[in-house]
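# Residue-level structural notes
Next come the chains, spelled out residue by residue.
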Amino acid sequence: ALLWWLFGMALGFVVAATHNRGLVAAHAHALLAGWASLALCGVGYSLLPRAAASALAPLHFWLHNAGLVLITAGLVLIGLGSYPTGRSLGLTGAS
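Presented here is an overview of the structure given in this document. It should be emphasised that the depicted structure is a prediction, and the values quoted were computed from it without experimental measurement.

A few words now on the side chain of T72. Tracing the sequence through the fold places T72 in helix 4 (residues 56-79). Once residues lying within four places of it in the same chain are set aside, the contact partners of T72 are W4, F7 and A26.

Right under this line is the structure:
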């Protein structure tokens with residue numbers, strides 16, 4: 001959780017310094033889905049030690065972090081304009 005907090009804060013500083021609002025989604029996901037939710041999972045696992053001892057706990061940790069890396073990297077690429085979005089491809093659903 002601490003690494004996601006550091007990454008989210010660093011990304012927030014980049015957003016503030018460059019005024020690139022495209023990175024706000026990645027900043028928010030790093031802090032909320034990364035730092036806050038992993039911190040809450042840590043609290044939950046400390047309150048429920050039987051769940052923490054389960055074989056699913058490490059799987060949960062690694063899958064959660066792998067998913068966060070993928071979604072945050074995708075949001076950074078979209079924010080930097082390096083990856084086409086539905087809107088830029090004309091796929092907004094409006095006719």
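This next bit is on helix 1 (residues 2-18). A rise of 1.5 Å per residue sets the reference length of helix 1, with its 17 residues, at 24 Å; its end C-alpha atoms lie 24 Å apart and thus fit the reference within 8%. Those residues of helix 1 not exposed but buried are W4, G8, L11, G12 and V15. Within helix 1, the buried residues cover an arc of 105 degrees as seen down the axis, which keeps them to one side. Opposite its buried face, helix 1 presents the exposed residues L2, L3, F13 and A17, each directed more than 90 degrees away. Tucked inside the fold, the buried residues of helix 1 contact helix 2 (24-47) and helix 4.

This part covers a nonpolar patch on the surface. Nonpolar side chains collect at one region of the surface, where L2, L3, W5, L6 and W35 lie side by side and expose about 540 Å² of accessible area between them. The dominant element in the nonpolar patch, judged by the number of residues it contributes, is helix 1, at four residues. Position of W5 among the secondary structure elements: in helix 1.

A complete count under the given rule lists two aromatic pairs for this structure. For the pair W4 and F7, a centre-to-centre distance of 6.1 Å together with 85 degrees between the ring planes defines the contact as edge-to-face. Of this pair, W4 and F7 both sit in helix 1, three residues apart, which is roughly one turn of that helix. Residue classification places F7 among the partly exposed residues on the basis of a relative accessible area of 35%. Here F61 and W62 contribute two aromatic rings whose centre-to-centre distance is 4.9 Å and whose plane-to-plane angle is 80 degrees, an arrangement assigned as edge-to-face. On the basis of relative accessible area, W62 is assigned to the exposed category, the value being 59%.

Here is what the cut-offs are and how they apply
- Residues numbered from 1 in each chain as written.
- Predicted model: local features only at pLDDT ≥ 70, side-chain atom pairs only at ≥ 80, totals over all residues.
- Heavy atoms only, no water.
- Helix = DSSP H or I, 4+ residues; strand = E, 2+ residues; numbered from the N terminus.
- Contact = heavy atoms within 4.5 Å.
- Expected span 1.5 Å × (residues − 1).
- Buried < 20%, exposed > 50% of the residue type's maximum accessible area, 1.4 Å probe, protein only.
- Arc of directions from axis to C-beta.
- Patch = residues over 30% accessible without salt bridge, like charges linked within 9 Å, V, L, I, M, F, W, Y side chains within 5 Å.
- Areas by Shrake-Rupley, 256 points an atom, 1.4 Å probe, with all protein chains shown as cover.
- Salt bridge = Lys/Arg side-chain N within 4 Å of Asp/Glu carboxyl O.
- Phe/Tyr/Trp six-rings, centres within 6.5 Å; stacked < 30°, edge-to-face > 60°.

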